Amino acid sequence: MAFRSRELFNKLIRKVGRDNLAPGVEESLKKCLPDKKCVMGRAKRGLYAGRHIQFGNQVSEDGGNKTRRTWKPNVQEKRLFSYILDRHIRVKVTTHALRCIDKAGGIDEYLLNIPYKKLDNEMALFWKARIEKMYEELGAMEVGFFSPEEEQKLEEGFEQLKIAKREARREARRLASQGTKKGTLIEEGQKDRAISDGETHPAQQESAS
């Protein structure tokens, strides 16, 4: 039974009294009450955290005339990162749901801590079940630890790898700087000038003759 239906049922029972009811009245009353809570259509496609359309009156400033109006929830389309899935989840969420997710510490913790009865759509139930299953698989995995000697060897290996990378970058910069020295540029320029002079002299001699 939904929350509002259960509250209405308890209110009726308190007013009438459970002892004053006929034998089959309580069961028939439960069947008459709606078993599902009223969920907005848009809320079935995102995380709304219980936020739905609100109804009220718009009061004019001059005459105080009241006009019925509605307030829709502030819905945003966000990309929320899931650490257990190692990917972003694109979902429509309300600003209230975003504050709840930030307070919980992430989308994974929010879906794990919230009970199933408060999730009002199939998409949230699917992500919650999937995240819980992956956490169970991680909990069943065996974790191995290194001995202090092995950790020391690994640290030495990483240090040697860093030194080798540093030397390789230094050698690459040295080779790059040798190819761009000022002397080599001058020599190349002189060679190009000599070749161009040798090509222009015969033409000058023919014109002079």
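Described in the following lines is the structure provided in the data block.

This part is about the overall build of the chain. Each helix and strand counted, the chain has seven helices and five strands in total. Counting all 209 residues of the chain, 18% fall into the buried class. Of the contacts made within the chain by residues no fewer than 6 positions apart, 41% connect residues no fewer than 24 positions apart.

Before going further, it helps to examine a negative patch on the surface. A cluster of acidic residues, Glu-149, Glu-150, Glu-151, Glu-155 and Glu-156, forms a negative patch at the surface. As for its placement among the helices and strands, Glu-155 is situated in helix 6 (residues 148–178).

Ordered in space as 1-5-4, the three strands form an open sheet in which the pairing is mixed. Two strands in the sheet have a free side with no partner beyond their single neighbour: strand 1 (46–47) and strand 4 (75–82). Inspection of the sheet shows strand 1 paired to strand 5 (residues 87–94) by two bridges, in the parallel sense. Within strand 5, the residue paired with Gly-46 across the bridge is Lys-92. Strands strand 1, strand 4 and strand 5 of the sheet are contacted by helix 3 (residues 95–104), whose axis makes an angle of about 130° with strand 5.

This part takes up the pairing of strand 3 (residues 66–71). Pairing analysis gives six bridges linking strand 2 (residues 54–59) to strand 3, with the strands arranged antiparallel. When the sheet's bridge partners are listed, Gln-58 is paired in strand 3 with Thr-67. Between the antiparallel neighbours strand 2 and strand 3 lie six residues, among them Gly-64 with a positive phi of about 70°.

This part is about unusual backbone geometry. Although it is not a glycine, Ala-49 sits at a positive phi angle of roughly 55°. If you trace the backbone, Ala-49 turns up in the loop between strand 1 and strand 2. With a phi close to 60°, Asp-86 is a non-glycine residue in the positive phi region. Tracing the backbone through its elements, the reader meets Asp-86 in the loop between strand 4 and strand 5.

On the surface, Phe-146, Leu-154, Phe-158 and Leu-161 cluster together into a nonpolar patch covering about 420 Å² of accessible area. By the secondary structure assignment, Phe-146 is in the loop between helix 5 (122–140) and helix 6. With relative accessibility at 51%, the residue Phe-146 sits in the exposed group.

Per the stated rule, a full pass over the model turns up three salt bridges. Note that Lys-128 is salt-bridged to Glu-132, the shortest N-O span being 3.2 Å. Linking Lys-128 with Glu-132, this pair stays in helix 5, spanning four residues, or about one helical turn. The residue Glu-167 makes a salt bridge to Arg-170 at a minimum N-O spacing of 3.4 Å.

Moving on: the packing of aromatic side chains. This structure, assessed with the given rule, holds two aromatic pairs. Between Phe-81 and Tyr-83, the aromatic rings sit 5.0 Å apart at their centres with planes inclined by 85°, giving edge-to-face as the arrangement. Residue Tyr-83 is classed as exposed on the basis of its relative accessible area of 64%. Their ring planes at 65° and their centres at 5.5 Å tell us that Phe-126 and Trp-127 sit as a pair that is edge-to-face.

Let us now look at the pairing of strand 4. Direction of pairing for strand 4 relative to strand 5: antiparallel, over a ladder of eight bridges. From the neighbouring strand, Gln-76 faces strand 5, where its bridge partner is Val-93. Between strand 4 and the antiparallel strand that follows it, strand 5, lie four residues; Asp-86 among them carries a positive phi value of about 60°.

We now examine a positive patch on the surface. Positive charge collects at one region of the surface, where Lys-162, Lys-165, Arg-166, Arg-169 and Arg-173 lie side by side. With respect to the element layout, Lys-165 can be found in helix 6.

The subject of this paragraph is the side chain of Lys-128. On the accessibility criterion, Lys-128 (2% relative accessible area) is buried. Apart from the residues lying within four places of it in its own chain, the contact partners of Lys-128 are Leu-111, Leu-112, Ile-114, Tyr-116 and Leu-119.

Basis of the calculations
Residues numbered from 1 in each chain as written. Predicted model: local features only at pLDDT ≥ 70, side-chain atom pairs only at ≥ 80, totals over all residues. Heavy atoms only, no water. Helix = DSSP H or I, 4+ residues; strand = E, 2+ residues; numbered from the N terminus. Buried < 20%, exposed > 50% of the residue type's maximum accessible area, 1.4 Å probe, protein only. Contact = heavy atoms within 4.5 Å. Patch = residues over 30% accessible without salt bridge, like charges linked within 9 Å, V, L, I, M, F, W, Y side chains within 5 Å. Areas by Shrake-Rupley, 256 points an atom, 1.4 Å probe, with all protein chains shown as cover. Salt bridge = Lys/Arg side-chain N within 4 Å of Asp/Glu carboxyl O. Lys, Arg positive; Asp, Glu negative; His and termini not counted. Charge placed at Lys NZ, Arg CZ, Asp CG, Glu CD. Pairing = 2+ DSSP bridges. Axes fitted to C-alpha atoms, helices over the stretch in contact; angles between N-to-C directions. Phe/Tyr/Trp six-rings, centres within 6.5 Å; stacked < 30°, edge-to-face > 60°.

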